[in-house]
Structures are given as C-alpha cells and as structure tokens.
Amino acid sequence: MPPKPKTAVSPTREENYPEWYQQVIKAADLAENSPVRGCMVIKPWGYAIWENIQRVLDGMFKATGHRNAYFPLFIPKSYLEKEAQHVEGFAKECAVVTHHRLQQGKDGKLVPAGELEEPLVVRPTSETIIGEMYAKWVQSYRDLPILINQWANVVRWELRTRLFLRTTEFLWQEGHTAHATEEEARVETMKMLDVYADFAQNFMAMPVLKGKKTEGERFPGAVDTFCIEAMMQDRKALQSGTSHFLGQNFAKASDIKFLDESGQLRHAWTTSWGVSTRLIGGLVMTHSDDDGLILPPKLAPAHVVIMPITFKAENPGAVLEYCQKLAAELRAQTFAGRAIEVELDARDLRGGDKVWSWVKKGVPIRLEIGPRDMAADSVFMARRDKATNEKAGVPRAQFVASVAGMLQEMQDNLFARAKAYRDANFKVIENEADFRAYFTPPGGAKDESDGPTPIHGGFAIAHFNGDKAIEEKIRQELAVTVRCIPLPGQVSGADEAGKCIFTGQPSPQRVVWAKAY
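Residues numbered from 1 in each chain as written. Predicted model: local features only at pLDDT ≥ 70, side-chain atom pairs only at ≥ 80, totals over all residues. Heavy atoms only, no water.

**Some points on the overall build of the protein**
Thought 1: Scanning the protein from N- to C-terminus turns up 14 helices and 27 strands.
Thought 2: Taking all 517 residues of the protein together, 51% fall into the buried category.
Thought 3: Considering only intrachain contacts with a sequence separation of at least 6, the fraction spanning at least 24 residues in the protein is 70%.
Thought 4: Of the roughly 23800 Å² of accessible surface on the protein, a fraction of 51% belongs to carbon and sulfur atoms.
Thought 5: The centroid of the 64 positive side-chain charges in the protein is displaced by 3 Å from the centroid of its 66 negative side-chain charges. (Helix = DSSP H or I, 4+ residues; strand = E, 2+ residues; numbered from the N terminus. Buried < 20%, exposed > 50% of the residue type's maximum accessible area, 1.4 Å probe, protein only. Contact = heavy atoms within 4.5 Å. Areas by Shrake-Rupley, 256 points an atom, 1.4 Å probe, with all protein chains shown as cover. Lys, Arg positive; Asp, Glu negative; His and termini not counted. Charge placed at Lys NZ, Arg CZ, Asp CG, Glu CD.)

What follows is the structure, encoded as structure tokens:
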C-alpha cells in the first residue's frame with residue numbers, strides 16, 4: 001500500500017469533512033471563535049474577502065437602481081407581532097433586550113436595571129422596522145418604487161454553530177423594495193435572484209441552481225421564496241442567497257398604502273433579498289483542497305505574492321529591490337476592474353514555511369525570486385489551481401504581460417472544476433428505494449459517536465407531489481430536504497410531468513433534493 005500523501009491540512013476532506021473545513025479556516029487565518037458563545041471574530045484575511053464580496057455586490061445593486069441606507073439594530077417586539085407567520089418563523093431565534101442599564105447589586109456584581117416599557121428584539125431581519133418607515137415615506141404612486149439595500153449585522157440565536165455557515169451574529173446585506181404593482185415586485189424578485197446567480201458564478205466561480213422554495217422552506221411571511229443552491233465538496237447543498245416576493249403581507253402589516261393614478265388607496269407590493277458571510281463558507285467548501293484555501297482570483301485579497309529568496313544571496317538588497325520593482329509593475333496592471341493586488345513577503349522566515357503559509361491562504365499566484373532568477377530576469381512561479389509542487393520559471397516581462405489573462409484562466413478553471421463535480425453528483429431518481437439508498441451512507445446510517453459520516457449522496461432530481469407531511473418525514477428520516485423547485489431550463493428533465501416517487505400521485509415537475517447546511 002503506497003504511503004499516504006503528506007498534506008498541509010489534517011484531516012483531509014475524505015477523512016473528516018467537517019473538521020477539514022474548520023482546519024482550512026484556521027490554516028488560512030480567516031476567522032476564529034470568540035469568547036461570546038456562537039459568535040466569531042473575522043480576521044483581516046477573512047474580512048478582506050468579505051470586503052471584496054461587498055464591493056462587487058454593492059456595484060451590482062447600484063447598477064440596478066438600488067441605494068444604501070441604514071435602519072435600527074433594535075426592533076420593538078410589537079412590530080414582529082404584526083405579521084403572524086413572520087413572528088412564528090423567527091420567535092425561537094430572537095435575542096431580546098429587556099433592560100437599559102446596569103447597576104451594582106448588594107454583592108458588588110452588575111445586575112440589569114431599568115426595565116424597558118417594551119422589549120426590543122435585536123435585528124434578526126428588518127422587514128418590520130423598514131416597513132414602518134416605508135409607511136411614512138409612501139403616500140402616492142409617485143413615491144414608488146423604493147429600492148433600498150442595507151449592509152448590517154444580524155443576530156439569530158443558534159445552538160449549534162459553525163464558522164461562517166451558522167453563527168449567532170453574522171454580517172449580511174438585505175434589500176427591501178416597495179412597488180405599485182404585483183408585476184413590478186415580481187420582476188424585482190427575479191432580477192435580484194439573477195444578480196445573486198451572476199455573482200456566485202462569475203465572481204465566486206461557484207455554480208448554482210436557481211429555483212423556488214417549497215411551502216415548508218419558504219421565508220416566514222413570504223408569498224414565494226426563490227433561491228440559489230450550490231453543491232459543496234461533501235455533496236451537501238448550501239443555500240447561498242434568497243429573494244422573496246412578499247406580496248402585500250408586510251405592506252398590510254405595516255400599513256404601506258398609496259393613492260394610485262386613479263385616486264384609489266392601495267397597499268404596496270414588497271420584496272426582500274439577502275446574502276451573508278455564509279458565502280465565505282461556500283467559497284471555502286467549493287474550491288479548497290487538502291493543502292488549504294483556494295481563492296477565485298476575482299475575490300482574492302491579493303492576486304500575487306512575491307517571496308524574495310535572500311538566503312545565501314551576496315546582495316540581499318538587490319533581490320529585494322528587484323522584487324519591489326516587479327510588484328510596482330504588477331500593481332499597474334488591472335484584472336476584473338481592479339488593480340492587481342500584490343503581497344511582498346520579506347519576513348525573516350524559512351523559505352518552506354513562507355511558501356506554505358501562502359499556499360494555505362489560497363493566494364492565486366506565488367512567485368519565488370532569488371539571485372539566479374534576478375540574473376536571468378525571470379520569476380519562479382506556482383499557481384494555486386495546480387499541484388503545489390508544479391512550478392516553472394517564466395521571463396519577467398512575459399509574466400507581467402500575461403498575468404491578467406492567467407488570473408482569468410484560473411477563475412474559469414475553478415468554475416469548470418466545481419461544475420464538473422456538481423454534474424457528476426447529480427442523479428435522476430425514479431423510485432423511493434433508490435432515493436433512500438442514494439442518501440444512506442456506506443455501511444448504513446451512523447451515530448455521531450461512530451465518527452464522521454463518509455461523503456455520500458449528492459443532488460437527487462425526483463418527482464414529488466408537494467405534500468408537506470412527506471417532505472417533513474423525509475427530513476426526519478434521512479436529513480434530506482427539497483432544496484428547490486428548479487426554474488425552467490435549469491436542469492435537464494426537470495420540467496417534465498410525471499408521478500411522485502413517494503405516492504404515485506401526479507407531479508408537475510421534478511424537484512432537487514439534498515442534504516444541506
């Protein structure tokens with residue numbers, strides 16, 4: 001039996017995928033757990049990725065007519081109570097403020113004092129508070145549409161947390177729009193879903209399916225919820241963005257009314273849509289390998305890292321100067337609408353340690369430059385989308401001229417690789433027995449105490465009659481849910497009518513099932 005290959009991250013994906021994920025985040029120095037239970041500290045490298053996500057999405061939102069605003073972190077409890085389904089959906093996750101100051105108790109310890117007349121909920125989402133403001137701003141059809149986005153933090157109390165994927169506090173954006181007609185609101189809902197899909201595929205290099213949620217998976221209070229779903233390397237789905245058509249439910253709850261062109265008083269039609277720091281978790285799990293993080297160049301905090309090799313150099317200063325000039329040349333180039341970002345790593349570290357630190361951080365291109373490279377006016381280059389030991393000497397001028405094209409090639413490669421993996425683990429299933437077998441781990445179901453569950457399953461495309469009781473039964477028995485009802489043309493064969501694999505009843509189309517985060 002050949003020896004196990006040495007990897008920078010342990011355990012590997014195959015050995016223990018959940019722990020591998022945590023170790024990639026640690027090795028890349030993206031984030032760590034905070035002293036506050038369920039909350040995380042996003043470290044500079046991780047936050048730089050979020051800033052790039054923000055920058056790109058913010059531009060896309062503004063290009064579609066939206067503007068940014070900010071609304072309060074605290075929401076009166078009575079606001080949530082106005083929309084019954086909404087409060088029911090979020091009640092168990094709410095953090096509630098009941099007092100407005102601290103005072104010293106008899107034992108010298110601080111105790112809450114000054115009970116509030118009405119408890120305040122720490123923002124789990126902002127439909128209700130924003131609806132209250134829209135009701136003041138909207139009087140006439142001339143005041144519509146309102147197209148607003150908010151970048152904010154959110155608190156949803158979680159018992160089982162995982163960095164980026166599920167934390168009590170997380171960062172996100174939430175768009176909230178109000179319209180004069182149902183048609184306008186529905187167009188907005190689908191437009192923003194398309195924006196998310198465009199961003200996921202063209203910037204994150206993460207292939208996604210666009211679809212509609214079943215009633216059981218719908219956002220509390222929405223008429224329809226649409227989503228993008230991506231497959232991670234353990235073949236589980238990650239809901240990566242949602243766009244909600246809220247109908248007039250929230251407009252009626254918040255009393256958002258306007259006089260239309262004929263002078264009739266009508267309720268507005270509203271939408272909401274959002275993505276969060278969960279996207280960083282999706283990025284990690286879509287592309288990374290057993291040596292650490294792999295970043296799509298369009299979102300990488302740095303595109304190129306230059307490592308001067310000055311050990312044994314007769315003139316270390318000359319090597320460093322050569323590297324500085326190269327960094328300046330590269331920064332004068334652009335890729336995907338921004339200047340190429342370069343890290344010059346002149347730390348006093350062993351060469352191997354330095355190289356591996358950048359491998360684990362996922363920088364797309366690594367350059368090692370020593371006296372011989374300088375003498376030949378060349379660079380010693382490695383790409384993060386190829387094997388770690390695959391390196392080559394390239395003339396400096398050629399590298400500078402081709403770097404933008406090389407980064408685009410890497411971006412395209414990562415998308416193609418992720419799409420090929422998803423497509424290879426997509427299966428049309430025609431009966432319940434095959435469905436259950438597909439989602440049962442090798443060797444049968446395991447208890448958590450037996451160790452990590454082997455990677456299995458994938459995306460199953462199967463006919464379903466929409467019965468909520470069956471959907472819940474499958475969730476309880478197999479931990480599998482309907483990820484989406486794919487939009488027309490998304491999945492080959494999905495649009496065909498047939499019979500539900502669980503009941504034999506008519507089914508208008510196939511739906512996508514998977515285990516999910």
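**Regarding the packing of helix H1 (residues 17-28) against helix H8 (residues 278-287)**
Thought 1: Packing of H1 against H8 brings their axes to within 11 Å, and their N-to-C directions diverge by 110°. For the element pair H1 / H8, the angle class is roughly perpendicular. In the crossing of H1 with H8, the sense of the turn from one axis to the other is right-handed. The segment H1 lies against H8, with Tyr17, Trp20, Tyr21 and Val24 engaging Gly281, Val284 and Met285.
Thought 2: Residues of the contact of H1 with H8, tallied by class, amount to six nonpolar, one polar and no charged. (Axes fitted to C-alpha atoms, helices over the stretch in contact; angles between N-to-C directions. Parallel < 35°, antiparallel > 145°, perpendicular 65-115°, else oblique. Left-handed = near helix turned anticlockwise from the far one by under 90°. Nonpolar A, V, L, I, M, F, W, Y, C, P; charged D, E, K, R; others polar.)

**Looking at empty space enclosed by the protein**
Thought 1: All chains considered together, the criterion is met by one cavity of 30 Å³ or more.
Thought 2: Roughly 80 Å³ of internal volume is contained in the largest cavity.
Thought 3: Glu127, Ile130, Gly131, Tyr134, His176, Thr177, Leu246, Phe250, Ser254, Ile256, Thr270 and Thr271 are the residues that line the largest cavity.
Thought 4: Those elements giving two or more residues to the lining of the largest cavity turn out to be helix H5 (127-137), strand E8 (169-179), helix H7 (249-254) and strand E14 (269-276).
Thought 5: For the lining of the largest cavity, the element with the most residues is H5, which contributes four residues.
Thought 6: Tallied by class, residues from the lining of the largest cavity come to five nonpolar, six polar and one charged. (1 Å grid on protein atoms, 1.4 Å probe; cavity = no way out; pocket = protein on both sides within 12 Å on 5 of 7 lines; lining within 4 Å. Points joined across faces, edges and corners; volume = space filled by probe spheres on them.)

**Thoughts on the sheet that holds strand E4 (residues 74-76)**
Thought 1: On the basis of which strands lie adjacent, the open sheet formed by three strands has the order E4-E6-E5 and antiparallel pairing. At either end of the open sheet lies a strand with only one pairing partner, and these are E4 and strand E5 (95-104). This sheet shows a mean twist of 45° between the axes of neighbouring strands, independent of strand direction.
Thought 2: The pairing of E4 with strand E6 (residues 110-122) spans three bridges and is antiparallel. Paired with Pro76 across the two strands is Leu120, which belongs to E6. (Pairing = 2+ DSSP bridges.)

**Re the sheet that holds strand E3 (residues 67-68)**
Thought 1: Within the open sheet, the 11 strands sit side by side as E3-E7-E8-E14-E11-E10-E9-E24-E27-E23-E22. Their pairing is mixed. The open sheet has two edge strands with one neighbour each: E3 and strand E22 (426-428).
Thought 2: Looking at chain direction, strand E10 (residues 224-231) and strand E11 (residues 237-247) are connected through eight bridges and run antiparallel. Residue Glu229 lies in a different strand from E11, and its bridge partner there is Gln239.
Thought 3: Helix-sheet contacts for H5 involve strand E7 (146-155), E8, E11 and E14, and the interaxial angle to E8 is about 30°.
Thought 4: Across the sheet, H8 is in contact with E10, E11 and E14; its angle to E11 comes to roughly 145°.

**As for the nonpolar core**
Thought 1: Leu30, Ile53, Leu57, Phe164, Phe199 and Leu293 are the most contacted members of the largest nonpolar core, which totals 59 residues.
Thought 2: Looking at this core, the elements that each hand over two or more residues are H1, helix H2 (44-63), helix H6 (182-202), E10, E14, H8, strand E15 (304-308) and helix H10 (351-361).
Thought 3: If you tally residues by element for this core, the top one is H2, at eight residues. (Core = buried A, V, L, I, M, F, W, Y, C linked by side-chain atoms within 4.5 Å.)

**Digging into the layout of surface pockets**
Thought 1: The computed volume of the second largest pocket comes to approximately 250 Å³.
Thought 2: For the lining of the second largest pocket, the secondary structure elements donating two or more residues are E15, helix H9 (316-331) and H10.
Thought 3: Top element by residues in the lining of the second largest pocket is H10. It accounts for three residues.
Thought 4: Class assignment of the residues belonging to the lining of the second largest pocket gives a composition of nine nonpolar, two polar and four charged.

**Looking at H9**
Thought 1: The end-to-end C-alpha distance of H9 is 23 Å, a good match for the 22 Å that 16 residues give at a rise of 1.5 Å each.
Thought 2: Three or more residues of H9 are buried, namely Val319, Tyr322, Cys323, Leu326, Ala327 and Leu330. When H9 is viewed along its axis, its buried side chains cluster within an angular range of 140° and face the same direction.
Thought 3: Packed against the buried residues of H9 are E15, strand E18 (342-344), strand E19 (365-369), helix H11 (371-375), strand E20 (378-383) and helix H12 (396-424). (Expected span 1.5 Å × (residues − 1). Arc of directions from axis to C-beta.)

**Here's the deal with the environment of Arg366**
Thought 1: Looking at where Arg366 falls in the secondary structure, it is placed in strand E19.
Thought 2: You can call Arg366 buried: its relative accessible area is 2%.
Thought 3: Arg366 sits 60 residues away from Ile306 along the chain, and the two C-alpha atoms are 6.2 Å apart.
Thought 4: Within the structure, the side chain of Arg366 is placed 3.5 Å from the backbone oxygen of Thr388, a separation counted as a polar contact. (Polar contact = N/O pair within 3.5 Å; in protein donor to acceptor, adjacent residues only side chain to side chain.)

**Points about the domain arrangement of the protein**
Thought 1: Entries for the protein in the domain assignment read domain 1 (17-75 + 124-287), domain 2 (297-416) and domain 3 (426-514).
Thought 2: A C-alpha centroid distance of 26 Å is found between domain 1 and domain 3.
Thought 3: Listed as interface residues are 24 residues of domain 1 and, on the opposing side, 20 residues of domain 3.
Thought 4: Summed over both partners, the interface of domain 1 with domain 3 comes to about 1800 Å²; 62% of that surface belongs to carbon and sulfur atoms.
Thought 5: On inspection of domain 1 and its partner domain 3, the count reaches three salt bridges.
Thought 6: A salt bridge links Glu229 to Arg483; the nearest nitrogen and oxygen atoms lie 3.2 Å apart. (Domains from an automatic or database assignment. Buried area = accessible area lost by both parts, 1.4 Å probe. Salt bridge = Lys/Arg side-chain N within 4 Å of Asp/Glu carboxyl O.)

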